[in-house]
Amino acid sequence: MNSAKNNPPASQERALRAGYLIIAILFLSFLGFLTATYLTILHYKNALPPCAITQGCETVLTSRYATIFGVPIALLGSFFYTSVIAACILFYHNSKKIYSRAIFLIASAGILVSIVLFYIQLAIIKNFCQYCVLSEAINFSIFFFSYLLIRNGKLKEGKKKL
């Protein structure tokens, strides 16, 4: 048997791995977009979502921390997820390093905001919103996969230098 025939070259493996990572990031971003948009719609309808897992959605979503200058945090989240989706689409169609870096930078900003918002829920409001925690978990996952995407590109560069 020809082992070269059964084993794709390293560049094909990296491209396949990058494709899987982008699909995972896209899926998570779409899920986050749906969650954030749902909360945004409810905000403008002056309605509250059902809170089945945690007790405190109402407290968190009506707190003074739920908006910035009158703009719901959830709406900003929708913009965040849209920007991640756009960067992923650009990377998917043109696998340039700048797009993977853009995804990572956007995800880094998202994880920093998530840490602050989680701290606010934990230490200041002392209640949790299941939708907010879901969004924070999604942001952490997007950050993790974007890190792997960057690392995947660095493996490519490191092998070129050898």
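Described in the following lines is the structure provided in the data block.

Cut-offs applied
Each chain has its residues counted from 1, running along the sequence as written. Reporting in this predicted model follows two pLDDT cut-offs: at least 70 for local features of residues, and 80 or more for side-chain atom pairs to be given and counted; totals over whole chains, interfaces and linings ignore these cut-offs and use all residues. To get the side-chain values, take all heavy atoms of the structure and skip hydrogens and water. In plain words, nonpolar cores are sets of buried Ala, Val, Leu, Ile, Met, Phe, Trp, Tyr and Cys residues tied together by side-chain atoms within 4.5 Å. Throughout this description, buried means an accessible area under 20% of the type-specific maximum (1.4 Å probe, protein chains only), exposed means over 50%, and partly exposed covers the range between. A helix here means a DSSP run of H or I that spans at least four residues, while a strand means a run of E at least two residues long, and both kinds are numbered starting from the N terminus. Throughout, a contact is declared for two residues whenever any of their heavy atoms are within 4.5 Å. The rule is short: rings of Phe, Tyr and Trp, with Trp giving its six-membered ring, pair when the centres are within 6.5 Å, and they are stacked under 30 degrees, edge-to-face over 60, tilted in between. Angular values range over 0 to 180 degrees, each being the angle between N-to-C directions of two axes fitted as lines to C-alpha atoms, with helices fitted over their stretch in contact. Here roughly perpendicular refers to angles of 65 to 115 degrees, roughly parallel to angles under 35, roughly antiparallel to angles over 145, and oblique to all remaining angles. Two helices cross in a left-handed way if the nearer one is turned anticlockwise from the farther one by less than a right angle. They cross in a right-handed way if the turn is clockwise. Under the scheme applied here, ten amino acids are nonpolar (Ala, Val, Leu, Ile, Met, Phe, Trp, Tyr, Cys and Pro), four are charged (Asp, Glu, Lys and Arg), and all others, including Gly, are polar.

Some thoughts on the nonpolar core
Turning to step 1, where the next piece is worked out: In terms of nonpolar packing, the biggest core is built from 17 residues, with Ile103, Ile142 and Leu149 touching the most fellow members.
Turning to step 2, where the next piece is worked out: Secondary-structure elements contributing two or more residues to this core are helix 2 (10–44), helix 4 (73–93), helix 5 (97–125) and helix 6 (130–161).
Turning to step 3, where the next piece is worked out: Setting aside chain neighbours within four positions, we find Leu149 in contact with Ala18, Leu21, Ile22, Phe91, Ser100 and Ile103.
Turning to step 4, where the next piece is worked out: Val60, Ala74, Ile120 and Ile125 belong to the second largest nonpolar core, which has 9 residues in total.

Details of the environment of Ile103
Turning to step 1, where the next piece is worked out: Take Ile103: it is sitting in helix 5.
Turning to step 2, where the next piece is worked out: Judged by its relative accessible area of 0%, Ile103 is buried.
Turning to step 3, where the next piece is worked out: Each C-alpha atom, one on Ile103 and one on Ser146, is 6.3 Å from the other, the two residues being 43 residues apart in sequence.

Here we look at the packing of aromatic side chains
Turning to step 1, where the next piece is worked out: Summed over the entire model, instances satisfying the criterion amount to 5 aromatic pairs.
Turning to step 2, where the next piece is worked out: With a centroid separation of 5.9 Å and 50° between ring planes, the pair formed by Tyr38 and Tyr131 is classed as tilted. With Tyr38 in helix 2 and Tyr131 in helix 6, this pair connects stretches of sequence that are 93 residues apart.
Turning to step 3, where the next piece is worked out: Here the aromatic rings of Phe118 and Phe128 are separated by 5.3 Å at their centres, their planes lie at 40°, and the arrangement is tilted. A residue pair is termed long-range when its members are at least 10 positions apart, and Phe118 in helix 5 and Phe128 in the loop between helix 5 and helix 6 qualify at 10 residues.
Turning to step 4, where the next piece is worked out: Here Phe128 falls in the partly exposed class, since its relative accessible area comes to 24%.

Points about unusual backbone geometry
Turning to step 1, where the next piece is worked out: Residues other than glycine seldom take positive phi values, yet Phe69 does so here, at roughly 50°.
Turning to step 2, where the next piece is worked out: Within the secondary structure, Phe69 is located in the loop between strand 1 (67–68) and strand 2 (71–72).

Quick look at the packing of helix 4 against helix 5
Turning to step 1, where the next piece is worked out: Running from amino to carboxyl end, helix 4 crosses helix 5 at an angle of 160°, the nearest separation of the two axes being 8 Å. Of the possible angle classes, the one that applies to helix 4 and helix 5 is roughly antiparallel. Once helix 4 is placed against helix 5, the crossing between them reads as left-handed. On the side of helix 4, the interface is formed by Ile73, Phe80, Ser83, Val84, Ala87, Cys88, Leu90 and Phe91, while helix 5 contributes Tyr99, Ser100, Ile103, Ile106, Ala107, Gly110 and Leu117.
Turning to step 2, where the next piece is worked out: Broken down by class, the residue content of the contact of helix 4 with helix 5 amounts to 12 nonpolar, 3 polar and no charged.

Take it as geometry only, folks, not as evidence of what the structure does.
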